[in-house]
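# Residue-level structural notes
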Amino acid sequence: MAAQNSQGIQTLLEAEKEAAKIVQQSRQYRLQRLKDARSEASREIDEYRQAKEAEFKSFEASHAGVTSNAQAAVDKETSVKLQAITDAYEANKDAVVKKLLDRVLLIQPELHRNLKRAGGAESQ
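Right, let's walk through the structure included here. (Residues numbered from 1 in each chain as written. Predicted model: local features only at pLDDT ≥ 70, side-chain atom pairs only at ≥ 80, totals over all residues. Heavy atoms only, no water.)

## With respect to the overall build of the protein chain
Looking only at helices and strands, the protein chain has two helices and zero strands in total. Relative to the 2.2 N^0.38 estimate, which gives 14 Å for 124 residues, the radius of gyration of the protein chain is 49 Å and therefore markedly larger than a compact globule would have. Relative to its 124 residues, the protein chain shows a buried fraction of 0%. Accessible area of the protein chain: about 11900 Å², with a carbon and sulfur share of 58%. For the protein chain, the centre of its 20 positive side-chain charges and the centre of its 19 negative side-chain charges are spaced 5 Å apart. (Helix = DSSP H or I, 4+ residues; strand = E, 2+ residues; numbered from the N terminus. Rg over C-alpha atoms; globule rule 2.2 N^0.38 Å. Buried < 20%, exposed > 50% of the residue type's maximum accessible area, 1.4 Å probe, protein only. Areas by Shrake-Rupley, 256 points an atom, 1.4 Å probe, with all protein chains shown as cover. Lys, Arg positive; Asp, Glu negative; His and termini not counted. Charge placed at Lys NZ, Arg CZ, Asp CG, Glu CD.)

Written out as structure tokens, the structure reads:
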């Protein structure tokens, strides 16, 4: 009977060791799957990032010429407007100076309009 108990205990111990071994293998397998999933996700992220960077670079390259064309158009328009302003200045500067000098030098002394009304109200 003692031999049977000893043999039963031995069988239980072996079964417990086998179960522990299976649990350990399961843990290792799960950890390996997590590592594989992380590396796969990292690889997919890198591929997506590279694809988006390439898409952005192609977008940037296709619109770079538009920017330089727009800048050239703005520069041309600015120079045309600046030339128009310069021409208007040259054409009108003598007349403006004459008008300013006439206003400053040709003074006609007279009473202020408010002073006339106040004087007119007193006389009535």
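So much for the structure itself; the text now carries on.
## As for the pattern of salt bridges
By the definition in use, this model includes seven salt bridges. A salt bridge links Arg-43 to Glu-40, with the shortest nitrogen-to-oxygen separation between them at 2.3 Å. Here Arg-43 pairs with Glu-40, and both are found in helix H1 (residues 2-105), just three residues apart, close to one helical turn. For Arg-43, a relative accessible area of 38% puts it in the partly exposed group. Between Arg-43 and Glu-47 there is a salt bridge, and its shortest N-O distance comes to 2.7 Å. (Salt bridge = Lys/Arg side-chain N within 4 Å of Asp/Glu carboxyl O.)

## Side note on a nonpolar patch on the surface
A cluster of nonpolar side chains, Val-97, Leu-101, Val-104, Leu-105 and Leu-106, forms an exposed patch at the surface whose accessible area comes to about 520 Å². Tracing the sequence through the fold places Leu-105 in helix H1. (Patch = residues over 30% accessible without salt bridge, like charges linked within 9 Å, V, L, I, M, F, W, Y side chains within 5 Å.)

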